[in-house]
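Reading the structure
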Amino acid sequence: MPEKTTCKERVLMTFSNQQPDRVPINYLANPGIDRRLKEHFGLRHDDGEGLLKALSVDFRSVGAPYRGPRLHQDIPERGVKVDNWGIHRRWIEHETGGYWCYCDFPLQNATEEEVAAWPMPSPDDFDYSGVFEACNRYEPYAINGSAGYGDIINGNGMLRGMEQTLIDLITDDPAGLLLADRRMEIQIEITHRILEASKGKVDFIWLGEDLGTQIGPMISMDLFRRHIRPRYLRFCDLAKAYDVFVMMHSCGSSSWAYEDFIDMGIHVVDTLQPEAKDMAPEYLKRTFGGRLAFHGCISTAGPVAYGTVEEVVIYCKRILEIMMPGGGYCFAPTHRLQDNSPTENVLAMYETAKKYGVY
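As a starting point, this report considers the structure included with it. Every value quoted in this text rests on a predicted model; they were computed, and no experiment measured them.

Turning our eyes to something else, we now look at the sheet that holds strand β4 (residues 97–103). What holds strands together in a sheet is hydrogen bonding between their backbones, with the strands either parallel or antiparallel. Pairing is antiparallel in the open sheet, where 3 strands are placed in the order β2-β3-β4. The sheet terminates laterally at β2 (80–82) and β4, the two strands that pair on one side only. With direction set aside, neighbouring strand axes in the sheet form an average angle of 35°. Judged from the 7 bridges that link them, strand β3 (residues 88–94) and β4 form a sheet pairing that is antiparallel. Residue pairing across strands places Ile92 opposite Tyr99, the latter belonging to β4.

On to the pairing of strand β6 (residues 204–208), then. When you tally the buried positions in β6, you get 5 out of 5 residues, the bulk of the element. Of the two faces of β6, both are covered, the one formed by Phe204, Trp206 and Gly208 as well as the one formed by Ile205 and Leu207. Two strands pair when backbone bridges link them, and β6 and strand β7 (residues 245–250) are joined in this way by 5 bridges, in the parallel orientation. Counterpart to Gly208 in the pairing with β7 is His249.

This part is about the nonpolar core. Of all hydrophobic cores here, the largest spans 104 residues; its most connected members are Tyr27, Phe261, Tyr329 and Phe331. Here the element with the most residues in this core is helix α8 (residues 174–198); it accounts for 11 residues. Tyr329 has contacts with Thr14, Val23, Pro24, Phe294, Gly296, Cys297, Ile298, Ile319, Leu320 and Met323, leaving out every residue within four places of it along the chain.

Rules and cut-offs
- Residues numbered from 1 in each chain as written.
- Predicted model: local features only at pLDDT ≥ 70, side-chain atom pairs only at ≥ 80, totals over all residues.
- Heavy atoms only, no water.
- Pairing = 2+ DSSP bridges.
- Helix = DSSP H or I, 4+ residues; strand = E, 2+ residues; numbered from the N terminus.
- Axes fitted to C-alpha atoms, helices over the stretch in contact; angles between N-to-C directions.
- Buried < 20%, exposed > 50% of the residue type's maximum accessible area, 1.4 Å probe, protein only.
- Core = buried A, V, L, I, M, F, W, Y, C linked by side-chain atoms within 4.5 Å.
- Contact = heavy atoms within 4.5 Å.

Encoded structure:
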């Protein structure tokens, strides 16, 4: 080991299932807890970089901002925000914060012809000129250069509704499959251009497809191999061409697909909800350790949200003891830290990683 390991080196060693100086650390959070953490560290509300440094986060992301025309309009009289993909969202408050929840599902009953005509952003309308400079700025860190998760089930579900999206997969509905292909084609091309503009400085792309519920798979292996796997293979082939790692996010019970992930060329699995079926840390490490690296596993529905500081420390130490041996583990929350997580618990979570995540 070199005397001083950079964040980038630490992550790349971990992604290669080697043992670095300490576990890499990552951070994802909803706005409420994010704001409170910035207040704790005396940071401005917009100082995301300052917060990442305060938490010793080893990861950064680069992207290409959209510079094209507005493709869909908001519906202010209903409080609905509409993005350039045409996805409708409405803000829903709850006792600890709120969410932009999906609504309306404008393509729910759309025909193949209507899906083909639906306005979507063009890869030509993104600005790639700042990618290389951003990579230089984040040189010490592991850099994600993905332009989107892919996310067939959720992404289509935001436009067609979840029920129709699952029906599309089961029945090979041409409208639903065309929607998935159009969305992924755009994301793949933007990612391609980001990788090209980075001149070799991007380290990985971060994909995602929620394949499980808490109690089992969301879809069958047949549907996965018919519709999900071949579409993500294009992302994997792109990553291979640029010699970058692939990390795949999946909520819920998803380990049933991990052997296929390995065969596809996916290197890292993300989220790892320990409460879900066949997602216990011991099972994942025993079954896939050394063949997949892991990113996540710190439950956002456990002690971090509902326990005491002492319980958070005990819980995080236990996950580290299970997942660290031999390398291949990145310390991160399962999905995003929720707004119901006490600030002191989240701080204890990250302090535990820094104190006990050392090899």
